[in-house]
Amino acid sequence: MRKDVRILLVGEPKVGKTSLIMSLVSEEFPDEVPLRAEEITIPADVTPERVPTHIVDYSEAEQSDEQLYQEISKANVICIVYSVNNKKSIEKVTSHWIPLINDRTDKDSRVPLILVGNKSDLVEHSSMETILPIMNQYQDIETCVECSAKNLKNISELFYYAQKAVLHPTGPLYCPEEKELKPSCIKSLTRIFKVSDLDNDGILNDNELNFFQRTCFNTPLAPQALEDVKNVVRRNMADGVQDNGLSLKGFLFLHTLFIQRGRHETTWTVLRRFGYDDDLELTQEYLFPMIKMPPDCTTELNHNAYLFLQSVFDKHDKDRDCALSPDEVKDLFKVFPYMPWGPDVNHTVCTNEQGWITYQGYLSQWTLTTYLDVQRSLEYLGYLGYSIIYEQESQAAAITVTRNKRIDLQKKQTQRSVFRCNVLGGRGSGKSAFLQAFLGKNLQGQRRIREDHKSFYAISTTYVYGQEKYLLLHEVMPDFDFLSEADLACDVVCLVYDINNPGSFEYCAKVYKQHFIDSKTPCVVIAAKSDLHEVRQHHSLSPHEFCRKHKLHPPQPFTCSTAEAPNKDIYTRLTTMAMYPHARLRCMCASNRCTYCLCQNLLKLELLRSIKAQLRRVLFNRHMAQADLKNSTFWLRASVGATVFAVLGFAMYRALLKQR
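This one's a predicted model, so the numbers in the text were calculated from it and none came from an experiment. (Residues numbered from 1 in each chain as written. Predicted model: local features only at pLDDT ≥ 70, side-chain atom pairs only at ≥ 80, totals over all residues. Heavy atoms only, no water.)

**Digging into the sheet that holds strand 5 (residues 113–118)**
Formally: For two strands to count as paired, DSSP must find a minimum of two bridges between them. The numbering of helices and of strands both runs from the N terminus, where a helix is a DSSP run of H or I of at least 4 residues and a strand a run of E of at least 2. The convention used is that axes are lines fitted to C-alpha atoms, helices contributing only their stretch in contact, and that angles between N-to-C directions extend from 0 to 180 degrees. Only heavy atoms enter the contact rule, under which two residues are in contact if any of them lie within 4.5 Å.
Here six strands make up an open sheet; going across it, the order is 2-3-1-4-5-6 and the pairing mixed. Looking at which strands have only one partner, the edges of the open sheet turn out to be strand 2 (40–42) and strand 6 (141–146). Taking the axes of each pair of neighbouring strands and ignoring which way they run, one obtains an average angle of 25° across the sheet. Both strand 1 (residues 5–11) and strand 3 (residues 53–57) contribute to a ladder of five bridges, which runs parallel. Bridge pairing in strand 3 places Leu8 opposite Val56. Contacts from helix 5 (residues 155–167) reach strand 1, strand 3, strand 4 (77–83), strand 5 and strand 6 within the one sheet, and its direction differs from that of strand 1 by about 120°.

Laid out in structure tokens, this is it:
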């Protein structure tokens, strides 16, 4: 909505333009009328629409044609004043003023016109019979008002209608020739209907109508008023009311009726509440609210956003199979001006056996969009009406900005739920297969993916110590000399090589030395295609020797050439490393029998925990009695003995491993 309104009064000399302005300001007819009134500004708090209004007079005697043209170009609405007792002034409306104004304005942005018949106190008849054909001929004419500056008849109404013509224009909404809503208005109101239809049954029931009324007008409808509205629709449209609810046809009919009865401000109130501007386009402020994004931070959906997206999924999952069929996806995105998800999405998230996006995959895709492009996510939430349904100031309330990663490293804990793993490797090393295996697709299933439907991302959930987390895999193109900051910025790195290709590991070694050797980002080497015969790599060090030299975990064997879905243990370990990058010695075995695991199990023994707890209490209590000091000596000896026992045990275990 405009922040102010500029009204220009034009017309033949002596028709009363200046008198109208002075009568409005002083609320009485002036004894002396100047040739031209100075521009006046009416404050917002005294206007019906609460918008500052500037009223500009034109005088042929005092102003040039060039000054008139400038005023026409600046005006938001133009009042063409004629005298009801002067036929010549009426003829000038069509012969001079309307053509002049049209010549000085763009066809695509015509200024609304209001015909003002002044001096109605001098005649007993109305001029409307003469004016109505003119109104039918020119679409830019909003209305006609007959008034009298002398007895103040309809003076306030005149300027109210002028304001209304600017703030609530009829032109974008309604075609008077066809007597129906314009296509752009129908499209906007249809989206509003679908957003308000919370159960997606094609009708607005009483609860949905009351929610809609409260959202737009801050007050619910009384039961009788609600019934009266439906009765009006029933009388005029056979299928406007179905199952005691308002159908889309009935909803559109109501707005047509509002406009035909001169209440188009009602329709505009609804449109603006749902984010539309004067051109019936969603505003940039609505779609892209401001959100502060400090460096080294990421964006995630919060709990309320997931609840909202869950309700949207349930609303469109009509067959209740916990997956969205292609038709259900199309229905979900009918409130969008375009289809936001392409065929690659089905290979970015989890799908069912039919290739349909599952509930988990649906939430994963939203999580991915929010992480990679939060502005796009805000736009999508705007189309779905998040801020309206959840009664928030904007959809920015759905976003959580995580704290700086450096703080996470310092505190050795994180509150993030989404972790990014960049997957690097030479061509043909198995990166794409590694991504698709995360979605549960074995090699046979991956071969059915069309080349133009492939995705460089894969996202799904993993569980780390009972917590659900999202792991985002990103396949980085193997251009060693052109790795960007985005290719390197992540929480964990996967270096993939093909054990059956002797030149495959060379790329991984170069990338690690060039970009990650001094980085705090955890790195894991993946020995892909482990079902094939392993050949000697051309690199100076074998993959195992390279990992040992750089204190990396041994290469992790991986294959997706299996009859069932590939094993997903490696993805859980990657998520764990991303969550706890400071824990460099994290175990990567699956047997729970390595030195690290045995050490961890021993440290978790209840006996050792009790010994450590008792020792702390003794050492920090400086006022204990002598008896307690003797007791502390006992516990100190016991703890030393337990430590020696543990060290000897580890030494023996490692000796046994070497013998094997």
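**Description of the pattern of salt bridges**
Should the charged atoms of two oppositely charged side chains come close, the side chains can pair. Short version of the rule: One speaks of a salt bridge when a side-chain nitrogen belonging to Lys or Arg is within 4 Å of a carboxyl oxygen belonging to Asp or Glu. Burial status follows relative accessibility: with a 1.4 Å probe on protein chains alone, a residue under 20% of its type maximum counts as buried, one over 50% as exposed, and anything between as partly exposed.
By the definition in use, this model includes 21 salt bridges. Salt-bridge contacts for Glu227 lead to Arg234; the nearest nitrogen and oxygen are separated by 3.6 Å. Here Lys334 makes a salt bridge to Asp331, at a shortest N to O gap of 3.9 Å. With a relative accessible area of 56%, Lys334 lands in the exposed category. The buried category is assigned to Asp331, whose relative accessible area is 10%. Bridged by salt links that share partners, the residues Arg403, Lys405, Asp408, Arg416 and Asp491 form one connected network.

**Structural notes on the side chain of His474**
In this fold, His474 is placed in strand 18 (residues 467–475). Taking the relative accessible area as the measure of exposure, His474 reaches 9% and is therefore buried. What His474 contacts, discounting residues up to four positions off in sequence, is Arg420, Cys421, Asn422, Val423, Phe456, Tyr457 and Asp487.

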